[in-house]
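# Results of the structural survey
Listed below, chain by chain, are the residues.
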Amino acid sequence: MAGGQDSSFKPAVSAELYAPGTNTWSAVGALATARDEHTATLLPSGQVLVAGGISSGNNVTASAELYDPATNTWGPASALATARYYHTATLLPSGKVLVAGGHDNSGALSSASLFVYPADDIFHNGFEALP
């Protein structure tokens, strides 16, 4: 679990890890950017990609972060080409993450970005041909 809303209904930086064997939650490192209405995608490497969302001050963010389970910390990832929230993030068989749709401050989006990791850690605007 990463981000969401705090008790004051503001975007949060907290993150926790659930252990199903013990039915317990434990705190991990905090996100660098408070966010709500974002996506979290488990990557084949075991890392978690968090992208977009609503940040402090109700600003739509294009920022992204990677959680490293080996260190229990978050680090920066390349930003989305377009700030968005309420979008989808789908892990493709290639290991890339397709981020599509959602909203920005003007309304619904029809654009998409492709996150390529670990090869170049860059969000690419638009679609890339799949094998």
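Details of the structure are given in the entry above.
### Quick word on the overall build of the protein
Per the secondary structure count, the protein includes zero helices and 14 strands. Of the regular secondary structure in the protein, the N- to C-terminal order runs β-β-β-β-β-β-β-β-β-β-β-β-β-β. Out of the 131 residues belonging to the protein, those deemed buried represent 40%. Counted over contacts in the protein with a minimum sequence separation of 6, partners at least 24 positions apart contribute 36%.

### Observations regarding the pattern of salt bridges
Evaluation of the coordinates by the stated rule reveals one salt bridge. Glu65 is the partner of Arg35 in a salt bridge, and the nearest nitrogen-oxygen pair spans 3.0 Å. Of the two residues, Arg35 sits in the loop between β2 (24-27) and β3 (39-42) while Glu65 sits in strand β7 (residues 64-68), which places them 30 residues apart along the sequence. Judged by relative accessible area, Arg35 falls into the buried class, the value being 0%. Look at Glu65 and you get buried, because its relative accessible area is 3%.

### Thoughts on the sheet that holds strand β8 (residues 73-77)
Strand order in this open sheet of four strands is β3-β4-β7-β8, and the pairing throughout is antiparallel. The sheet is open, and its two edges are formed by β3 and β8, each paired on a single side. With direction set aside, neighbouring strand axes in the sheet form an average angle of 25 degrees. Where β3 and strand β4 (residues 48-51) come together, four bridges link them in antiparallel fashion. Bridged to Thr39 within β4 is Ala51.

### Describing the pairing of β8
As paired strands, β7 and β8 are joined by five bridges and run antiparallel to one another. Its bridge partner being in β8, Asp68 is matched across the sheet by Thr73. Here β7 folds back onto β8 in antiparallel fashion, the turn holding four residues, of which Asn72 has a positive phi close to 55 degrees.

### Some words on a nonpolar patch on the surface
Taken together, the side chains of Met1, Tyr18 and Trp25 present a nonpolar region at the surface, about 340 Å² in accessible area. What makes Tyr18 partly exposed here is its relative accessible area of 36%.

### Some words on the packing of aromatic side chains
Counted according to the given criterion, the structure contains three aromatic pairs. Between the aromatic rings of Tyr18 and Trp25, the centroid separation amounts to 5.0 Å while the plane-to-plane angle is 50 degrees, which identifies the pairing as tilted.

### Describing the nonpolar core
With eleven residues, the main nonpolar core is built from Leu43, Leu49, Ala51, Ala62, Ala64, Leu66, Ala77, Leu80, Val97, Val99 and Phe115. Elements represented by at least two residues in this core include exactly β4, β7 and β10 (97-100). Discounting chain neighbours no more than four positions away, the residues touching Val97 are Thr41, Leu43, Leu49, Ala89, Thr90, Leu91, Ser113, Leu114 and Phe115. In this structure, Ala2, Val28, Val50 and Trp74 belong to the second largest nonpolar core, which totals eight residues.

### Overview of the environment of Ser94
Checked against the element boundaries, Ser94 lands in the loop between β9 (88-91) and β10. C-alpha of Ser94 to C-alpha of Val116: the two residues are 22 residues apart in sequence and 9.1 Å apart in space. Looking at Ser94, its side chain comes within polar contact range of the main-chain nitrogen of Lys96, at 3.3 Å.

### Re the pairing of β3
Judged by which residues are buried, β3 turns out to be one-sided: Thr39 and Thr41 face inward and are buried, whereas Ala40 and Leu42, on the alternate face, are not. In textbook terms, the turn of a hairpin is the stretch between consecutive antiparallel strands, and for β3 and β4 this stretch comprises five residues, one of which, Gly46, has a positive phi near 95 degrees.

About the cut-offs
- Residues numbered from 1 in each chain as written.
- Predicted model: local features only at pLDDT ≥ 70, side-chain atom pairs only at ≥ 80, totals over all residues.
- Heavy atoms only, no water.
- Helix = DSSP H or I, 4+ residues; strand = E, 2+ residues; numbered from the N terminus.
- Buried < 20%, exposed > 50% of the residue type's maximum accessible area, 1.4 Å probe, protein only.
- Contact = heavy atoms within 4.5 Å.
- Salt bridge = Lys/Arg side-chain N within 4 Å of Asp/Glu carboxyl O.
- Pairing = 2+ DSSP bridges.
- Axes fitted to C-alpha atoms, helices over the stretch in contact; angles between N-to-C directions.
- Patch = residues over 30% accessible without salt bridge, like charges linked within 9 Å, V, L, I, M, F, W, Y side chains within 5 Å.
- Areas by Shrake-Rupley, 256 points an atom, 1.4 Å probe, with all protein chains shown as cover.
- Phe/Tyr/Trp six-rings, centres within 6.5 Å; stacked < 30°, edge-to-face > 60°.
- Core = buried A, V, L, I, M, F, W, Y, C linked by side-chain atoms within 4.5 Å.
- Polar contact = N/O pair within 3.5 Å; in protein donor to acceptor, adjacent residues only side chain to side chain.

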